[in-house]
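# Examining the three-dimensional arrangement
Chain by chain, the residues run as shown.
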Amino acid sequence: MGQYVAPIRDMQFVLHEFLKVEEHLKELPAHAETDAEIINAVLEEGAKFTSEVLFPLNHSGDREGCHHDAEAKTVTTPKGYKEAYKQYVEGGWAALACDPEYGGQGLPVVLNNSFYEMLNSSNQAWTMYPGLSHGAYECLKEHGTEEQKKTYLPKLVSGEWTGTMCLTEPHCGTDLGLLRSKAIPNDDGSWTITGNKIFISAGEHDMADNILHLVLARVPDAPEGSKGISLFLVPKFLPNADGSVGERNPIFCGAIEEKMGIHGNSTCQMNLDGAKGWIIGQPNKGLNAMFVFMNAARLGVGMQSLGLTEVAYQNALVYAKDRLQMRSLSGVKAPDKPADPIIVHPDVRRMLLTAKAYAEAGRAFTSYVALQIDRELNHPDEEVRKEAADEVALLTPIVKAFITDNGWIATSEAMQVYGGHGYIAEWGMEQYVRDARINMIYEGTNTVQSLDLLGRKILMDNGAKLRKFGEKIRAYVEDNGTDEAMSEFITPLADLGDKLTKLTMEIGMKAFQNPDEVGAAAVPYLRVAGHLVYSYFFAQMAQIALAKQDSGDKFYEAKLQTARFYFARLYPETAMLIRQARSGAANLMALDADLF
Ligand SMILES: Cc1cc2nc3c(=O)[nH]c(=O)nc-3n(C[C@H](O)[C@H](O)[C@H](O)COP(=O)(O)OP(=O)(O)OC[C@H]3O[C@@H](n4cnc5c(N)ncnc54)[C@H](O)[C@@H]3O)c2cc1C
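Residues numbered from 1 in each chain as written. Predicted model: local features only at pLDDT ≥ 70, side-chain atom pairs only at ≥ 80, totals over all residues. Heavy atoms only, no water.

## Describing the site of the ligand
What counts is decided by this rule: Each residue is tested against the molecule or strand, and it is near if at least one of its non-hydrogen atoms lies within 4 Å. Pairs of N or O atoms are called polar contacts if they sit within 3.5 Å, as long as, within protein, a hydrogen donor faces a hydrogen acceptor (for residues adjacent in sequence, only side-chain-to-side-chain pairs). Shrake-Rupley sampling with a 1.4 Å probe provides the accessible areas, and residues are treated as covered by the protein chains on show and by no other component. The way it works is that DSSP assigns letters per residue, a run of H or I at least four long becomes a helix, a run of E at least two long becomes a strand, and they are numbered from the N terminus. For this classification, the nonpolar set comprises Ala, Val, Leu, Ile, Met, Phe, Trp, Tyr, Cys and Pro, the charged set comprises Asp, Glu, Lys and Arg, and every other residue, Gly included, is treated as polar.
Near the ligand you find 18 residues, and of these Thr 168, Thr 174, Phe 199, Ser 201 and Thr 445 are the closest. For the ligand, a nitrogen atom lies 2.8 Å from a polar atom in the backbone of Met 165. With respect to the ligand, the backbone of Leu 167 contributes an N or O atom lying 2.9 Å from an oxygen atom. Contact with the protein chains removes 62% of the 970 Å² of surface that the ligand exposes when unbound. Elements supplying a minimum of two residues to the shell around the ligand: strand S5 (191-201) and helix H14 (446-459). Residue contributions to the shell around the ligand peak at three residues, all from S5. Grouping the amino acids of the shell around the ligand by side-chain chemistry returns eight nonpolar, eight polar and two charged.

## So, empty space enclosed by the protein
Which entries qualify depends on this criterion: Buried and open spaces are told apart on a 1 Å grid over the protein atoms alone, a cavity being a set of points where a 1.4 Å probe fits but cannot get out and a pocket being an open set with protein on both sides within 12 Å along at least five of seven lines. Residues with an atom within 4 Å of a point are the lining residues. Grid points are joined across faces, edges and corners, and a volume is the space filled by probe spheres set on the points.
In this structure the tally under the stated criterion is two cavities of 30 Å³ or more. Of the volumes computed, that of the largest cavity is approximately 100 Å³. Forming the walls of the largest cavity are 16 residues, and the residues nearest its centre are Tyr 88, Ala 94, Pro 130, His 134 and Leu 156. Elements represented by at least two residues in the lining of the largest cavity include exactly helix H5 (81-90), helix H6 (109-122), helix H7 (124-143) and helix H8 (146-158). No other element matches the four residues that H7 contributes to the lining of the largest cavity. Here the second largest cavity defines a volume of roughly 60 Å³. Among the secondary structure elements, those contributing two or more residues to the lining of the second largest cavity are helix H11 (382-417), H14, helix H15 (464-480) and helix H17 (516-547). Residue composition of the lining of the second largest cavity, by class: 11 nonpolar, no polar and no charged.

## Considerations on the UniProt feature "domain: Acyl-CoA dehydrogenase/oxidase N-terminal" (unreviewed entry) in the chain
Just so we agree on the cut-off: UniProt positions are given in the numbering used here, feature names are shortened, and annotations may be inferred rather than shown by experiment.
Sites flagged by UniProt as "domain: Acyl-CoA dehydrogenase/oxidase N-terminal" (unreviewed entry) map to residues 78-160. Helix makes up 69% of residues 78-160 and strand 0%, with an end-to-end C-alpha separation of 19 Å.

## A word on the environment of Lys 236
Heads up, the rule is: Contact definition: two residues touch when any of their heavy atoms are within 4.5 Å.
For Lys 236, the location among the structural elements is in the loop between strand S7 (230-235) and strand S8 (237-239). Aside from chain neighbours lying at most four places away, what touches Lys 236 is Glu 204, His 205, Asn 210, Ile 211, His 213, Glu 247, Arg 248, Asn 249 and Ile 251.

## Examining the UniProt feature "domain: Acetyl-CoA dehydrogenase-like C-terminal" (unreviewed entry) in the chain
Per the UniProt record, the feature "domain: Acetyl-CoA dehydrogenase-like C-terminal" (unreviewed entry) sits at residues 471-592. Within residues 471-592, the helical portion is 82% and the strand portion 0%, while the C-alpha atoms at the span's ends are 43 Å from each other.

## Here we look at the pairing of S7
Applicable threshold: Relative accessibility thresholds used throughout: buried, under 20% of the residue-type maximum; exposed, over 50%; partly exposed, between the two (1.4 Å probe, protein chains only). Here a strand pair is declared whenever DSSP counts at least two bridges between the two strands.
Counting buried residues along S7, six of its six residues qualify, which places the element largely inside the surrounding structure. The sheet contact formed by S7 and strand S11 (residues 267-280) spans three bridges and is antiparallel. Bridging from a neighbouring strand, Leu 233 pairs with Trp 278 of S11.

## What to know about the packing of helix H10 (residues 346-378) against H11
Rules: To obtain each axis, a line is fitted to C-alpha atoms, and for helices this fit is confined to the stretch in contact; angles are then taken between N-to-C directions over 0 to 180 degrees. In these notes the angle categories are as follows: under 35 degrees is roughly parallel, over 145 is roughly antiparallel, 65 to 115 is roughly perpendicular, and the rest is oblique. Note: crossing handedness is left-handed where the near helix turns anticlockwise from the far helix by less than a right angle, and right-handed where it turns clockwise.
Interaxial distance between H10 and H11 falls to 8 Å at its minimum, and their mutual angle equals 160°. With respect to their mutual orientation, H10 and H11 come out roughly antiparallel. The handedness of the crossing between H10 and H11 comes out as left-handed.

## Side note on the packing of aromatic side chains
Formally: Here a Phe, Tyr or Trp ring, Trp counted by its six-membered ring, pairs with any other such ring whose centre lies within 6.5 Å, and the pair is stacked when the planes are under 30 degrees apart, edge-to-face when over 60, and tilted otherwise.
Applying the stated criterion across every chain yields a total of 32 aromatic pairs. With a centroid separation of 4.1 Å and 15° between ring planes, the pair formed by Tyr 319 and Tyr 418 is classed as stacked. With a gap of 99 residues between them, Tyr 319 in helix H9 (residues 286-322) and Tyr 418 in the loop between H11 and helix H12 (420-423) connect regions that are remote in the sequence. Ring centres of Tyr 566 and Phe 567 lie 5.2 Å apart, and the angle between their planes is 80°; on these two criteria the pair is classed as edge-to-face.

## Digging into the environment of Gly 428
With respect to the helices and strands, Gly 428 occurs in the loop between H12 and helix H13 (429-438). In this structure, the C-alpha to C-alpha distance between Gly 428 and Gln 3, residues 425 residues apart in sequence, is 10.0 Å. In contact with Gly 428, not counting residues within four places along its chain, are Met 1 and His 59.

## Regarding the layout of surface pockets
When its volume is computed, the second largest pocket comes out at roughly 600 Å³. If you list the elements that add at least two residues to the lining of the second largest pocket, you get H14, H15 and helix H16 (487-513). Residue classes in the lining of the second largest pocket are distributed as 14 nonpolar, seven polar and three charged.

This is how it looks when you write it as structure tokens:
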């Protein structure tokens, strides 16, 4: 069913030429030894594992789905998933970017990021099982007690046990302040937890020996709303003192959801019938702790759509070179054939280039953010760590929402390249569209991401984080603005930077009068911010390509043309988006709800 070849050449371009990761990693004592040789070897091995083991299970897993046995309260994953997971654990992949203190390999996040792109291109539904475990690892590592870390982290790091995040309840999704699950303290320091969670990804499955659920619940007399939420660790099986799995804890899957895509991942209703758990962090501070998991997961969701964009593009490209329909408008291109391959048609090229540009920019963007996480975690200078943390905070909602919105556009365009053959299941293209759709919804909808960006990260911060990032762009524009060959990239970049600054101030002023102005502007605003980031990165990538244009390596020619396509065809939507963002709240709020 189609093909997937890991885009190693472009990954290497991003890591070695665009980011110059080795130079940055040398500054970080934990990663000073990670050189190009190690990076390239991991990419090669990762490419083999993902394309040979996981990709072949993608379509079959979608067709088969997961099965719930209501009586036994078990969930069986599609054929081959369990065996692939065993190979993943035995290959040490789960431990790649984890702390050696808990059995990890201690490699940088930026390298793990490239591996995760490959995992998601190969099989998003499968990747969610280990992906959620990694979020649980990060949360426990930051907020767990020493004993919790000693007991659970080595199991998560090795991949023997997996993790989940149990937030959502039937009446509460976005607004977690409404949640009702209850935790009552026991004499031995543990808690008894009761409640119903829904939509829990990987909540029950047969791939690992144990599942560690991270559950949000309320302790007795907790304040109302989000200030009264606590976080608990609730294992499926209670661990014995020797680390083996013991007694079954009453946290059971009541049903799994029928859904549009990611059929290979079990989306579970989880019932906690007096399950035993242990608090993570302080009572009523659970949301703070859970944000570590949620931020990791938001970046992970961006990676899911980047992976789908790449694989959908690759397949559409092969098809466009093979499928013969009609003749080129500018004269026959394949006289020996009954018709020309559809890649001769301008609009087919537009669709392919849209997916290609979004894949390449998304790769540069997520790798950049991953490197900033490495700097945040490991740089010896506290000031640098703080700056990196601020940038990650600013960019996380953009990674989540901009890449997943673009993933939806790109997979849909890639499907369109196939005409009717894209819509039927046989070629596998409609699966990418179905799988991509959830990424705009879970982990906080894209609307919620845009409110987080504009409201919390920018306006509540008086624009400080945005200004810092803007200064980097301004310095780049100043340094390169006189280079005539770069003006086609630098001029639109500088222009968009100015416009975003003005737009931010304008919305900020209007928000003083009417807070709905923020909600009315946030979604187009986030897209404009996403384009500013992509303009900045495409300008830099084009600059590298320009310098190497005469090297004879066609890769650079392709990069340059892709950057030109981006500025000519994708960037211009910013003009419309800015108009929408500036149009204000009145056109949305004036209509009485009864008159809809
Ligand atoms: C397949 C799948 C897997 C999932 N996996 C998990 C998981 O592992 N763990 C977990 O805990 N949850 C999980 N979820 C739940 C998911 O995170 C929520 O569905 C999502 O956060 C939205 O919540 P909701 O569905 O309750 O929608 P609601 O919160 O009811 O929102 C409905 C609509 O209102 C909008 N809205 C809400 N508030 C605002 C506002 N203030 N301003 C503007 N618009 C607003 C939303 O953007 C949305 O469009 C999963 C869901 C699915 C479908």
